[in-house]
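# Coordinate analysis (summary)
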Amino acid sequence: MLLIVGFALCVLAPGCSATDTDIALDAKATLNHRIQSLDLLVFVFLLALTVLTIWLFKHHRVSWLHETGLAVIYGLIVGAIIRYAGTSATLVHMQVEPQGVPTYSDKLPPDTLWFRYPVNQTNGTKPPEGIKTYAYVFRGQVHDVDENEIDLKATFDPEVFFNIILPPIIFYAGYSLKKKYFFRNLGAILTFAIVGTTLSAFLIGGFMYGCVKLMPKYLSSSFTFLDSLYFGALISPTDPLTILAIFNDLRVDVNLYALVLGESVLNDAVAIVLSGAIQNYGEHYSNTGEFETTAFLRSLSDFFSIFLLSLMIGAAMGCLTALMTKFTRVRDFPLLESALFVLMSYSTFLLAEATELTGVVAVLFCGICQAHYTYNNLSEDSRQRTKQIFELLNFLAENFIFSYIGVSMFTFPKHHFDAGFIITAFICAAIGRAVNVYPLSWLLNIKRKPKISTNFQHMLFFAGLRGAMSFALAIRNTVSDERQTMLTATSLIVIFTVVIQGGAANFLLNWLKIPVGVDDETEQLNNYQVHSSDGYLQDVEGGGVNRNKMRLSGGTDTNLDTPVDGTNGSLGGASGGRRRNSHEKAILARIWGNFDTKYMKPLLTHSRPTLLETLPVCCNPIARLLTTTQQLTQDGSEFRRVDSDSDICIDNDTGNGLSQDGSGAAPGVGRRNSLSRVGGDHRNAYI
């Protein structure tokens, strides 16, 4: 055996030096694998530590710090440790200078660089035995910073956020949306989310541009008006996860909850489409970078067309999934059914992105359609599995992003700190939020009944926390100095609003005297009663003002002379409650509710009435083809029991028997279950 081994070594000895490079590359790959594992272990440890601390806080009823604030603080601590106390494995850099006049003349750097590199460099005593070509991928502009391996690995590709982290967060927002209260406040939500976000973005952009011109030359000379508008677009969306969690725990008024949640859900979509339209303006339409009417109109057209087409793709994919689950027996195999549901939902995001639309908008409305239609076709196992898996993914993704924000403040090599820009960004963000809330609330209150009270407006302003979407948009491009300055300011704004504002939310609820412990049907805005700034209810129906006291968040117990909730009292009618007239409904919700009940739900679910009853007689062959045996044999009670959100129809008063009670449970992820009421229907629809 020794002779055989010795003979083999002698034979292979001349070729050993040729493998020196491969051996070194294997060692480098092993080191990279270890560093990547360590990097992932750090974030897993952060998430585990956050979970344990959340349990500890809930056990001791600590409400001044939310889980997202914890994730940020832990991320800052770990990032500082990595930066200042960790061991560094310095990267090897080689300065390469082009010979002669460079032939590359594009305004963007090349995607890859090819280098002819001599083999056998690991053995300096022997001459190179050959030449190999290596490709180096573009990573970004080089700055005067010292990088090490862990810093490099702790920085994720921005596409990871957009393609992996954001989709489950946005989908969950649509899938768990309590549509009954969302559609009651649809007009106000759309006003705040679309008009308010756009107005805020342009206002912040204009203020920032004017202030930047007064700053040092290195910023004022390179910071264009489009850069300012882009910063306004990325800093305008809100992410009040902390506020909503406190609202949920304390059971704050459902309409205030719906306004905050609905705006945050939609303004993420508006912000990403708006930022894309601003980029299109600068890249495709404008020749000078200054304002041009034609370029502006084309960008405006892009904004609406991309938003609407993305919405249509999301709704279409949701409806397609509903049809698949209705007309197949995949529900007999719950695991396959759940897998189909998840894959179709995620493919919606990828399809929109692949067609140059916005995946965030598409997956949001896909989630809404999945909850409204597909959920009703799923087996019980799939319902539980899908709601739990997306709730878990949303929790992990949200906390991962906030942990990464904290870590990246120390490990990300492209932060550019400028005190003047950061302070100005804080001030402009607050002004933009104020313009989003107060003037638009005043306009809405002209026609809205009941009105958005002053203390609710203050809470809406305070709920303007910045979060995952702002950070993801800021970190997507950090090549230039101005974009790096934007990233630093955005990260600090996110950290401040999540930790400080989120922690002070409970105190502000008490200070503004906003009631807590309110059930779904005990609505603060119901029966035309609103809060004044002193915390009392104002009965504005009929123009009178009755200061009827109730339990406020400060804990004061007083009497309530006039019942709020339609119980016996002066508001009671024949059945103990005020009967609502048709004109009090939101007209869009009423129109859509009738169409949805008669045509969409019978087509996409097993609901009654069937299309055979709602379509004209001439369409009976098509209607029979689209009607399942289950629809024909059931009496409708089963569907009403399990329907997730049939109260989206906002109580049809047509008397045709087509309305559904919506008493079934929401997809298990809604805020609180709706309670049936005796004594009249008081569920008002708002503008």
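Read on for an overview of the structure. Quick caveat: nothing in here was measured; it's all calculated off a predicted structure.

## A few points about the nonpolar core
Across soluble globular proteins, nonpolar side chains have a tendency to be buried as a group. Formed by 133 residues in total, the largest nonpolar core has its most connected members in Phe161, Phe231, Phe247, Leu256, Phe421 and Met459. For Met459, the contacting residues outside a window of four places in its chain are Ile243, Phe247, Leu256, Ala505, Leu508, Leu509, Leu512 and Ile514. Of all hydrophobic cores here, the second largest spans six residues; its members include Ala322, Cys369, Tyr373 and Met600.

## What about a nonpolar patch on the surface?
On the surface, Phe202, Phe296, Leu297, Leu300, Phe304 and Leu308 cluster together into a nonpolar patch covering about 540 Å² of accessible area. With five residues, the single largest contributor to the nonpolar patch is helix H12 (residues 293-327). Mapping Phe296 onto the fold places it in helix H12. A relative accessible area of 31% means that Phe296 is categorised as partly exposed.

## Observations concerning the packing of helix H18 (residues 468-475) against helix H19 (residues 481-503)
In the contact formed by H18 and H19, the axes pass within 9 Å of each other and the chain directions differ by 165 degrees. Between H18 and H19, the crossing angle belongs to the class labelled roughly antiparallel. H19 is crossed by H18, and the crossing has left-handed handedness. Where H18 abuts H19, its residues Ser470, Phe471, Ala474 and Ile475 lie against Leu487, Thr490 and Ser491.

## Topic: the packing of aromatic side chains
Scanning all chains against the criterion turns up 20 aromatic pairs. Their ring planes at 50 degrees and their centres at 5.2 Å tell us that Phe43 and Phe400 sit as a pair that is tilted. Of this pair, Phe43 sits in helix H2 (residues 20-59) while Phe400 sits in helix H15 (residues 380-411), and the two are 357 residues apart along the sequence. Exposure remark for Phe43: the relative accessible area of 3% places this residue in the buried category. Take Phe400: its relative accessible area is 13%, and that puts it in the buried class. One aromatic cluster in this structure is built from Phe171, Tyr175, Phe341, Tyr375 and Phe390. The cationic tip of Arg383 hangs over the ring face of Tyr375; the distance from NZ or CZ to the ring centre is 5.3 Å. Note that Arg483 overlies the ring of Tyr230, its terminal NZ or CZ placed 4.2 Å from the centroid.

## Structural notes on the side chain of Thr610
Of note, Thr610 is situated in the loop between helix H21 (587-604) and helix H22 (611-614). Leaving out residues up to four positions away in the same chain, Thr610 has contacts with Pro602, Thr627, Gln631 and Leu632.

## With respect to unusual backbone geometry
Here the residue pair Arg608 and Pro609 is connected by a cis peptide bond, since its omega of 0 degrees sits within 30 degrees of zero. Following the sequence through the fold, Pro609 ends up in the loop between H21 and H22. The backbone phi angle of Glu356 is positive, close to 65 degrees, even though this residue is not glycine. Among the secondary structure elements, Glu356 is positioned in the loop between helix H13 (334-354) and helix H14 (359-377). Unlike most non-glycine residues, Lys513 shows phi in positive territory, near 60 degrees. With respect to the helices and strands, the residue Lys513 is situated in the loop between helix H20 (505-511) and strand S3 (529-531).

Thresholds applied
- Residues numbered from 1 in each chain as written.
- Predicted model: local features only at pLDDT ≥ 70, side-chain atom pairs only at ≥ 80, totals over all residues.
- Heavy atoms only, no water.
- Core = buried A, V, L, I, M, F, W, Y, C linked by side-chain atoms within 4.5 Å.
- Buried < 20%, exposed > 50% of the residue type's maximum accessible area, 1.4 Å probe, protein only.
- Contact = heavy atoms within 4.5 Å.
- Patch = residues over 30% accessible without salt bridge, like charges linked within 9 Å, V, L, I, M, F, W, Y side chains within 5 Å.
- Areas by Shrake-Rupley, 256 points an atom, 1.4 Å probe, with all protein chains shown as cover.
- Salt bridge = Lys/Arg side-chain N within 4 Å of Asp/Glu carboxyl O.
- Helix = DSSP H or I, 4+ residues; strand = E, 2+ residues; numbered from the N terminus.
- Axes fitted to C-alpha atoms, helices over the stretch in contact; angles between N-to-C directions.
- Parallel < 35°, antiparallel > 145°, perpendicular 65-115°, else oblique.
- Left-handed = near helix turned anticlockwise from the far one by under 90°.
- Phe/Tyr/Trp six-rings, centres within 6.5 Å; stacked < 30°, edge-to-face > 60°.
- Lys NZ or Arg CZ within 6 Å of the ring centre and 35° of its normal.

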